[in-house]
Amino acid sequence: MRMNVACNQFKKGCYTCKKRMPMKSLLSFSFSFLLLSSHAQSSDWQQTVDYQINVGVDHQKNTATGQEKVVYSNHSHDTIRTLYFHLYWNAMKKGSHSFERMAEMGSNYSDLTQDDFGQIDVTSISVNSVPLVMDVYESIGKVVLKDPLLPGKDVVIDLQFTSKIPSCINRAGKNNRSGTDYTFTQWYPKLCRYDKQGWHTDPYFGREFAGTFGRFNVKIQCDPSFTVAGTGVLKNKKYVSKGWEEAGKQTKSTPTVWEFNADNVHDFAFAMDREWRHEQKRIDEIDFHFFYPEKNAQSWKNLIDNWHKSYAICKENFGTYPWPQFSFIQAGEGYMEYPMCTMLEGASDFYSTACHEFMHSYFYGFYGTDENLHHWMDEGLTTYAEARISNINGEVLEGNEGNSDYILYSSFGEAEPMATAANHFQLDFGYWNSAYFKARVFVELIQYMIGDETIRKGFGRYYNLWKFKHPEPNDFVKVMEDVSDMELTWFQNYWINTNQTINVGIDTIQKTNNGVSFTLYRNGIPMPLDVQVTYKDGSTQ
């Protein structure tokens with residue numbers, strides 16, 4: 001017996017009541033769904049920025065010194081009079097508000113010494129050859145232009161910077177817990193994103209990012225004992241099983257320079273180590289690199305041997321990876337995504353974690369969603385995709401696997417709204433629950449309503465329409481409406497913009513002449529429902 005509990009709050013013809021897909025184990029569950037801002041579809045313009053960066057790393061002093069040339073193109077309809085930069089490593093300064101805020105959100109920094117702290121200083125800056133001054137407000141730098149940047153015009157920014165490399169206590173720094181010598185993430189003065197909402201000058205509290213697509217040419221000077229891996233295609237060297245070779249030279253110069261190019265990315269990250277082993281797999285004309293310490297070889301062997309299976313699932317369900325290379329790197333603090341690479345400190349469930357971070361190269365990487373405002377569009381969709389591409393043994397997924405994680409994290413304390421910007425969650429549990437688990441369930445419920453094959457088509461359409469274009473929530477939902485011919489805005493509004501829950505269960509059961517009759521109750525968010533009855537003999541209907 002199958003019973004459909006229809007949505008009785010809508011008029012006849014409601015798309016929600018026309019289509020359903022079977023989903024077991026959804027008789028009763030209760031969720032909290034809070035406010036999320038809705039925005040119009042993404043703008044018809046977006047800025048571009050090209051970086052040329054030369055940086056020298058002094059491993060004896062633990063400092064970095066760099067020169068940066070930036071060409072910033074104003075494709076907006078606005079006249080820009082001020083530029084803003086992220087100076088992320090100033091969040092690592094002792095006594096900074098950012099540092100104290102990260103401690104309030106759950107990080108334990110009580111045993112740090114002066115050597116553990118870091119910072120970045122811009123020592124000079126000019127725009128179109130005019131020397132200017134950068135005013136610094138911890139992790140944000142402000143530069144007032146002498147001549148406004150008009151619509152359709154470019155500016156050329158030249159700056160120099162020096163950095164004190166922190167210990168690897170928040171994604172970047174020296175000597176991480178897995179033994180990697182250096183992780184350079186959020187390491188250079190980076191232009192803040194400008195879009196239809198204006199400048200995104202979010203201070204850095206150790207959470208999420210937003211960036212502008214463009215090109216990077218980065219040259220890294222360091223001692224030849226290091227191997228360097230990260231964003232982009234390596235232009236002047238060749239990786240070997242341990243270390244590197246320099247094309248056309250019998251000896252390694254001291255110091256040596258590594259050159260990387262990356263197109264259509266919104267950030268650049270790299271790491272350096274003396275002891276990494278390196279392996280490479282070529283799949284569909286894409287070079288997948290793996291950098292890891294010998295002591296973790298077994299975990300990495302499983303990833304290297306099976307990665308082709310996960311990428312095949314990814315390609316079928318979420319589209320082709322668009323860049324020529326990707327690097328899995330044992331580095332960093334925690335597990336963090338960057339364009340064309342990921343930093344993996346280490347994990348007990350290493351394979352799933354690596355799959356998760358790779359899928360960030362889609363929802364964070366080439367979609368370029370603003371993670372500060374719409375963190376769930378990256379983390380939640382990535383978590384949904386992770387469960388699928390890590391399923392290399394072909395286990396049947398019911399489509400509601402995210403429920404248990406969501407319920408678990410909801411039990412740790414009062415939920416915070418999904419609409420909360422990433423920097424403004426009071427506790428990490430609230431952020432993790434909203435960004436990862438509520439959002440994964442959101443996608444799984446859409447899948448429940450529109451069907452497995454239709455949501456696959458939806459992700460294909462999302463890929464074709466929105467890669468490299470900074471989509472927003474309405475853009476994702478609109479795609480799923482288009483492929484399903486269903487109205488989903490009601491669900492988006494309930495789930496994301498209210499605190500109502502889905503709460504369905506059995507109200508009464510009565511014997512009848514023909515068997516059993518039962519009545520279901522439903523509170524909160526309306527939801528199509530398939531009911532499965534299990535008989536005493538184990539059969540179902």
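Here we summarise the structure given alongside this text.

Parameters at a glance
- Residues numbered from 1 in each chain as written.
- Predicted model: local features only at pLDDT ≥ 70, side-chain atom pairs only at ≥ 80, totals over all residues.
- Heavy atoms only, no water.
- Salt bridge = Lys/Arg side-chain N within 4 Å of Asp/Glu carboxyl O.
- Helix = DSSP H or I, 4+ residues; strand = E, 2+ residues; numbered from the N terminus.
- Expected span 1.5 Å × (residues − 1).
- Bend = angle between axes of the 7 residues up to and from the residue.
- Buried < 20%, exposed > 50% of the residue type's maximum accessible area, 1.4 Å probe, protein only.
- Phe/Tyr/Trp six-rings, centres within 6.5 Å; stacked < 30°, edge-to-face > 60°.
- Lys NZ or Arg CZ within 6 Å of the ring centre and 35° of its normal.
- Contact = heavy atoms within 4.5 Å.

In this section: the pattern of salt bridges. The final tally for this structure, using the stated rule, is 20 salt bridges. Note that Glu 444 is salt-bridged to Arg 388, the shortest N-O span being 3.8 Å. Of this pair, Glu 444 sits in helix α6 (residues 428-450) while Arg 388 sits in helix α4 (residues 375-389), and the two are 56 residues apart along the sequence. Among the ionic pairs, Lys 478 bridges to Asp 482, the shortest N-O distance being 3.0 Å. Pair noted here: Lys 478 and Asp 482 are both in helix α8 (residues 473-484), with a separation of four residues, about one helical turn.

What follows covers helix α3 (residues 350-366). Given a rise of 1.5 Å per residue, 17 residues ought to cover 24 Å, and the 24 Å separating the end C-alpha atoms of α3 matches this to within 8%. The largest bend along α3 reaches roughly 30° and is located at His 360. For α3, the tally of buried residues reaches 17 of 17 residues, placing the bulk of the element in the interior. Where α3 terminates, the next one or two residues include Gly 368, which has phi positive at roughly 70°.

A complete count under the given rule lists 66 aromatic pairs for this structure. With 5.7 Å between their ring centres and 20° between their planes, Phe 363 and Tyr 367 make a pair best called stacked. Like Phe 363, the residue Tyr 367 is buried in the burial classification. A ring pair is formed by Phe 366 and Phe 468, whose centres lie 6.0 Å apart and whose planes are at 50°; its orientation type is tilted. Pair noted here: Phe 366 is in helix α3 and Phe 468 is in the loop between α7 (452-466) and α8, with a separation of 102 residues, a long-range link. For the pair shown, Phe 366 and Phe 468 are each scored as buried. The aromatic ring of Trp 258 is capped on one face by Lys 237, whose charged end is 5.2 Å from the ring centroid.

Moving on, we come to the environment of Ser 73. Tracing the sequence through the fold places Ser 73 in strand β3 (residues 63-73). Taking the relative accessible area as the measure of exposure, Ser 73 reaches 11% and is therefore buried. Spatially, the C-alpha atoms of Ser 73 and Lys 153 are 6.1 Å apart, while their sequence positions differ by 80 residues. Among all residues touching Ser 73, those that are not within four sequence positions of it are Gln 47, Thr 48, Lys 153 and Asp 154.

On to helix α2 (residues 297-318). Along its 22 residues, α2 runs 29 Å from first to last C-alpha, staying within 8% of the 32 Å computed at 1.5 Å per residue. The largest bend in α2 is about 55°, located at Asn 306. For α2, every residue scored as buried is listed here: Trp 300, Leu 303, Ile 304, Asn 306, Trp 307, Ser 310, Tyr 311, Ile 313, Cys 314, Asn 317 and Phe 318. At the exit of α2 stands Gly 319, carrying a positive phi of roughly 105°.

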